[in-house]
Amino acid sequence: MMDIYEKRRRRAIARIAGLPAVKVLFVCLGNICRSPAAHGVMQAIVDAHGDSALWHIDSAGTGDYHTGDLPDRRMRVHAQRRGYSLTHRARQVRETDFDDFDLIVPMDASNDRNLMRLAPSTELAEKIVPMAAWIDICTRYDHVPDPYYEGAEGFELVLDLLENACNRLFDDIEREKKAPAENK
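Analysis parameters
Residues numbered from 1 in each chain as written. Predicted model: local features only at pLDDT ≥ 70, side-chain atom pairs only at ≥ 80, totals over all residues. Heavy atoms only, no water. Buried < 20%, exposed > 50% of the residue type's maximum accessible area, 1.4 Å probe, protein only. Helix = DSSP H or I, 4+ residues; strand = E, 2+ residues; numbered from the N terminus. Pairing = 2+ DSSP bridges. Right-handed = clockwise from strand over helix to strand, strands pointing away. Contact = heavy atoms within 4.5 Å. Phe/Tyr/Trp six-rings, centres within 6.5 Å; stacked < 30°, edge-to-face > 60°. Lys NZ or Arg CZ within 6 Å of the ring centre and 35° of its normal.

Student: Go over the pairing of strand E2 (residues 55-61) with me, naming the residues and quoting the values.
Tutor: Extensive coverage of E2 is indicated by the burial of six of its seven residues. For strand E1 (residues 22-28) and E2, the ladder comprises seven bridges, and the chain directions are parallel. Within E2, the position partnered with Cys28 by the bridge is Gly61. Of the crossover connections in this fold, the one passing from E1 over helix H2 (residues 34-48) to the parallel E2 is right-handed.

Below, the structure is given as structure tokens:
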């Protein structure tokens, strides 16, 4: 599964590296657990590197079940313990997101398929790269599992996976931006 993601990841990173700012949208089903956590983790990484002005980070859900809600209380508690503040209000993915964002990152195969169906064109669908493309700490995971019906361990696992993947995503983009022009 990772091999198919690798090609999508490389194309997306190469395209993003030439942009003056990076706009990333994280997507899960309801936008109350995984995608707002990815949003918070990525924002913390960007802030720690002093690059906030060069990044725009958001999250959304493919479903509209929780529109306007804060992230799940359990996810906020676990994220807060790690120093992340999750204050995003849930929203549903819009067709305009495909124009507004450079990279759209679904948390699992179901949301990947839903986004592919929503993409207004094949060119815009190339912006979709699953989060699994950046996970390397747990090779048994080809997605970020939904912790909604899990206990504390599920929320901690999601945060572990997201910290790993978001750091790798940030490093990929920064490394590509710094690569000599002759390599591009």
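Student: An account of the environment of Ala125 is requested, with residue identities and associated values reported.
Tutor: Tracing the backbone through its elements, the reader meets Ala125 in helix H6 (residues 122-125). By relative accessible area, Ala125 is classed as buried at 12%. For the pair Ala125 and Gly18, spaced 107 residues apart in the sequence, the C-alpha separation amounts to 19 Å. Once residues within four sequence positions are removed from consideration, Ala125 is found in contact with Met116 and Ala119.

Student: Can you lay out the packing of aromatic side chains for me, pointing to particular residues and giving the numbers?
Tutor: A complete count under the given rule lists two aromatic pairs for this structure. Ring geometry for Tyr148 versus Tyr149: centroids 4.8 Å apart, planes at 85°, classification edge-to-face. The class of Tyr149 is exposed, set by a relative accessible area of 74%. Against the face of Tyr148 rests Arg74, its NZ or CZ located 5.1 Å from the ring centre.

By themselves, these observations are geometric and do not establish any function.
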